[in-house]
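As a plain string of letters, each chain reads:
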Number of protein chains: 2
Amino acid sequence: MTERITVWSVAGVPEIVQGDDLVAIIGDAIANDVEAGDIVVVSSKIVSKAEGRLVAADDREQAITDETVRVVATRPYPGGVTRIVENRLGIVQAAAGVDSSNVPDGQVLLLPVDPDASARSIAAGLGARFGVALGVVITDTLGRAWRVGQTDAAIGAAAVRVIDDLRGSSDARGRVLDVTMPAVADEIAAAADLVKGKAAARPVAVVRGLDAFVTDLDEPGARTLVRSGESDMFRLGSDEAYDEGFRDGFESASTEDRTPGSDADD
Amino acid sequence: MTERITVWSVAGVPEIVQGDDLVAIIGDAIANDVEAGDIVVVSSKIVSKAEGRLVAADDREQAITDETVRVVATRPYPGGVTRIVENRLGIVQAAAGVDSSNVPDGQVLLLPVDPDASARSIAAGLGARFGVALGVVITDTLGRAWRVGQTDAAIGAAAVRVIDDLRGSSDARGRVLDVTMPAVADEIAAAADLVKGKAAARPVAVVRGLDAFVTDLDEPGARTLVRSGESDMFRLGSDEAYDEGFRDGFESASTEDRTPGSDADD
């Protein structure tokens, strides 16, 4: 049972550009205070920058389209349309995670190619350098259904048990906790956001005290936190689902009227 | 800029029963280490218990109905139906927050009557006892659209700035952060869950280092984190919205066929 954690952001991470060695840079930034079982929390922004995932801002809408697997909902705002989409990582978020804050003028930033792989690479590199097991969580800022504002969540992870699956375990009274699965990696991301801040250049934080959740590198990553489209009760926005139903209902009634008793519904 | 936080759960909170004085009990539990600016994070479960919000388990389904303002989505499971609803607090969650873990056999627990008011009362009481300003966040465990597992979130708050509204402020490059509103109280709740745990009897945690978010008691509570039904893109589950659209579309086509050119749609 973890009873105390400490979370701090580290100074000394410079502006990251394509090709930078994140293991070396993050390693230098945390080097003066590293212990086995620490979890290093890294904003996806610097992973993307190291990977050179910048595109011209003029191409932003096309970039969002390219990153999109499935449009979940759209809503117009003055001057544009917000697109909530499922991206190629399975993550549902606004604008497919394409980001224009803290990036060079005239450019926007795509999410890392494979955040779980990036996390594994960083965890392996830091582990080798310091000779201790360290977890890595890569974060992005996500909006939520039904709640105002955003929280940071885990979009990549390595050497961290991302879900504390309590199904089948017992509560303090011995009763089975049948559906309880705390999304630990998302809670770690949220805790780290409290010290990283959005406006400051502090993209790396360390969480100490969660040794119990630090694993070997074979543990599944943050991808397991993603609920896939078909099984999700909110796979489509309410307006979009209503419109789809309306079209189908309208067509169904029309078809029925034209060809009574027919099953045809083209 | 907050650079370091410490989060710990406190021992010594006994099993809570109706009428217990939470200010005295929580105060005793945290007394050996309290500083101005600490935020006390309390599981809603013990607030509910102190308020006597237990009902017979046989009445669980009716209790959920009574707590429900609006059904958002339903999904059958073996032996029942999961109801995702907006409850009377505006919170969208499964079973209206009616809880059967860590409660006496044969009973289930409803959410506190007014968690923001409970938080204010606890914050005022603790502040008076210790002579320093303390924040209070009351938490519950919420599922999320699109993501597996649950995280703790703030359902009540007092003396805490629940949203860090950065709209209009600038990033490290001087560019305006136009939609960034970190849900700080939810991130605090998530951080505290990492040390409270679900299976253990540790319903109270303290977060130290977020003095910058501790305010006077007049600050709006966690209710401001709730996005109200009509404005939410996910106010209705995809299947439910589709079905509603289908009915309306079918009826619209039928009406059109019966009375060409008519606007009637009853």
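Residues numbered from 1 in each chain as written. Chains lettered and ligands numbered in written order. Predicted model: local features only at pLDDT ≥ 70, side-chain atom pairs only at ≥ 80, totals over all residues. Heavy atoms only, no water.

Moving on: the relation of the copies chain B and chain A. Laying chain B over chain A is done by rotating through 180° and shifting 0.0 Å along the axis; what remains is an RMSD of 0.0 Å. Here the transformation between the copies is reduced to the relation of a two-fold axis. Most of the interface of chain B is mirrored in chain A, where 100% of its interface residues again form contacts. (Least-squares fit on C-alpha atoms with pLDDT ≥ 70 in both. Contact = heavy atoms within 4.5 Å.)

The phi dihedral of Trp146(A) is positive, around 75°, even though this residue is not glycine. Considering the arrangement of structural elements, one finds Trp146(A) in the loop between strand S8 (135-144) and strand S9 (147-158). Under the relative-accessibility criterion, Trp146(A) is labelled buried at 7%. Phi at Asn102(B) is positive, roughly 55°, even though this residue is not glycine. Its place among the elements puts Asn102(B) in the loop between strand S6 (92-94) and strand S7 (107-109). (Helix = DSSP H or I, 4+ residues; strand = E, 2+ residues; numbered from the N terminus. Buried < 20%, exposed > 50% of the residue type's maximum accessible area, 1.4 Å probe, protein only.)

All names here are of chain A. Segmenting chain A into domains produces domain 1 (1-51 + 111-234), domain 2 (54-110) and domain 3 (236-266). When each unit is reduced to the centre of its C-alpha atoms, the spacing between domain 1 and domain 2 is 23 Å. Listed as interface residues are 16 residues of domain 1 and, on the opposing side, 18 residues of domain 2. Both sides together, the interface formed by domain 1 and domain 2 hides about 1,400 Å², and carbon and sulfur atoms give 50% of it. Connecting domain 1 to domain 2 are 1 salt bridge. For Lys-45, the salt bridge identified is with Asp-99, shortest N-O distance 2.4 Å. Where domain 1 touches domain 2, the interface holds 10 residue pairs in polar contact (both at pLDDT 80 or more). (Domains from an automatic or database assignment. Buried area = accessible area lost by both parts, 1.4 Å probe. Salt bridge = Lys/Arg side-chain N within 4 Å of Asp/Glu carboxyl O. Polar contact = N/O pair within 3.5 Å; in protein donor to acceptor, adjacent residues only side chain to side chain.)

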